[in-house]
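These are the residues of each chain, in order.
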Amino acid sequence: MTTTAIVNVGAMVSGDVRAPLHRATGVLIENGRIAAVGPDEAAVARAGTVIDARGMTLIPGLIDSHTHPAIGDFTPRLNTVGWIDSYLHGGVTSMVSTGELHVPGRPRDPAGIKALAILAAKSFKNARPSGVKVMGGTLVLEPGLKEADFAEVAAQGVKAVKFIQEITDRAEAIQFSKWAKAHGLKVLIHCGGTSLPDVPTTTAKTIMEIEPDVLAHLNGGPTSLSFDDIDRLIRQTPWIIDLVRFGNPRAVFMMVKTILEIDALERVVLGTDSPTGNGMEPLGMLHLITFLASCTALPAPEAVCMATGNTARVYGFDTGFIAPGRAADLALIDAARGSYAPGALEAFALGDSPAVAMVMIDGEMVVTKSKMTVPTQRSYTLVRKG
Ligand SMILES: [Zn+2]
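Residues numbered from 1 in each chain as written. Predicted model: local features only at pLDDT ≥ 70, side-chain atom pairs only at ≥ 80, totals over all residues. Heavy atoms only, no water.

A closer look at the sheet that holds strand β4 (residues 27-30)
Strand order in the open sheet formed by 5 strands is β5-β4-β1-β6-β22, with mixed pairing between adjacent strands. The open sheet terminates on both sides in strands that have one partner only, identified here as β5 (33-37) and β22 (381-384). Pairwise comparison of adjacent strand axes, ignoring direction, gives a mean angle of 25 degrees for this sheet. With 4 bridges joining them, strand β1 (residues 3-7) and strand β6 (residues 49-52) adopt parallel strand pairing. (Pairing = 2+ DSSP bridges. Helix = DSSP H or I, 4+ residues; strand = E, 2+ residues; numbered from the N terminus. Axes fitted to C-alpha atoms, helices over the stretch in contact; angles between N-to-C directions.)

Let's talk about the packing of aromatic side chains
Enumeration over the complete set of coordinates arrives at 4 aromatic pairs. Centroid distance tryptophan 83 to tyrosine 87: 5.0 Å. Interplanar angle 85 degrees. Geometry classified as edge-to-face. You can see tryptophan 83 and its partner tyrosine 87 sitting in helix α2 (residues 83-88), 4 residues apart, about one turn around the helix. With respect to burial, tryptophan 83 and tyrosine 87 carry one shared label: buried. Chaining the aromatic ring pairs together yields one cluster made of Phe150, Phe176 and Trp179. (Phe/Tyr/Trp six-rings, centres within 6.5 Å; stacked < 30°, edge-to-face > 60°. Buried < 20%, exposed > 50% of the residue type's maximum accessible area, 1.4 Å probe, protein only.)

Concerning empty space enclosed by the protein
Evaluated as defined, the whole model comprises 2 cavities of 30 Å³ or more. If you trace the largest cavity, you find it lined by Glu100, Leu101, Arg106, Pro107, Ile113, Leu116, Ala117, Thr138, Leu139 and Val140. With 3 residues, the single largest contributor to the lining of the largest cavity is helix α3 (residues 110-126). Here the lining of the largest cavity is built from residues that sort into 7 nonpolar, 1 polar and 2 charged. (1 Å grid on protein atoms, 1.4 Å probe; cavity = no way out; pocket = protein on both sides within 12 Å on 5 of 7 lines; lining within 4 Å. Points joined across faces, edges and corners; volume = space filled by probe spheres on them. Nonpolar A, V, L, I, M, F, W, Y, C, P; charged D, E, K, R; others polar.)

Description of the coordination of the zinc ion
Protein coordination at the zinc ion: the donors are His66 (NE2), His68 (NE2) and Asp273 (OD), at 2.0 to 2.3 Å from the metal. Read in sequence order, the donor residues coordinating the zinc ion give the pattern H-x1-H-x204-D. A relative accessible area of 0% means that histidine 66 is categorised as buried. You can call histidine 68 buried: its relative accessible area is 3%. (Donors = N, O, S within 2.8 Å, 3.2 Å for Na, K, Ca; no water.)

Examining the sheet that holds strand β14 (residues 160-163)
Paired through their backbone hydrogen bonds, the strands of a sheet run either parallel or antiparallel. Taken together, 6 strands build an open sheet; the order of strands is β13-β14-β15-β16-β17-β18 and the sheet is parallel. Strand pairing shows two members of the sheet lacking a second neighbour, β13 (139-140) and β18 (268-271), which therefore form its edges. Bridge analysis of strand β17 (residues 240-244) against β18 gives 4 bridges, and the strand direction is parallel. Bridging from a neighbouring strand, valine 244 pairs with glycine 271 of β18. Contacts from helix α9 (residues 284-295) reach β17 and β18, with the element oriented near 130 degrees to β18. (Contact = heavy atoms within 4.5 Å.)

Quick word on helix α7 (residues 227-236)
Side chains three or four residues apart in an α-helix point the same way, a direct result of the helix having 3.6 residues per turn. Within the span of α7, buried status applies to Asp229, Ile230, Asp231, Leu233 and Ile234. As for α7, its buried residues are in contact with α6 (204-210), β16 (214-216), β17 and α8 (249-261).

Below is the structure:
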């Protein structure tokens, strides 16, 4: 059995948006899973590996709720290899694909879209780029699908479907949503203006007819719905609110006010909506949390939970919380060197994006020094290596 203890943690974010901070100063990891939060001294003494966090902040590995991968660690839209590895160095240990939209020659017929979704789901399941857990293979809906198609992709490991095109036949769109849910697939819907040349703009009215599970980039992708429509969708539906880095920042500002007013913290998940034509942003998740914690009334620990535990709950990831039994996907972060903030949570609130010291996936240290952030103020020490 491999056992690792992380001790002398300053602040520890739980992933639970209703109880975002643990009081504990250490965790015990056994065989890649969290075994104890606040382990006793005897357990730490027995651990093969001991990491002294020296007062830094431990958070669950970030889960990017909105990405557009292709296959493997390559994005053809930007001709870039290794973007997922770069995101890992920004503290991201899991990602949700909201459609492999940039695959060259992306098919648009039922047989082709099914094949692509199944291929992406299986490819990412079999090969994790740099260890990052990618939920790949979101089926991008096109006219002509039958119920058997939804059953088939679900049986082959596809977990979600997405409306990016306003299917012109409303009855067909509503039927698709019902079939997807009947086969256990999450229904995502593009909210906002046109991000691809042939995709019409959606509105609150059409979105409400379809009854999705997730309001994908409700703050716009890249342009937003009218603020009245966004407000209606937050207040009048129970659906998941996906906020993204590459959306409309003013919409985010307005949305957070409503979310706090109606106390809908569990409904919010955070993502980047990248890589796209907007670019790649390896630190995009940290930057979005920093924006929320410094420019809105949302506290930093809650914002981190929206980027971890909330997303894990929505998509069924076995991670996202620092809690016994969960996969030990963790990031050790701190205020960046040069920041006036004394720690990572204060840095988020101040508007200085924190830096990443170490990232762990399934209990393995996969980043020992981030190649993407500036150095942290403090450094952890490896007391013992088992
Ligand atoms: Zn998107």
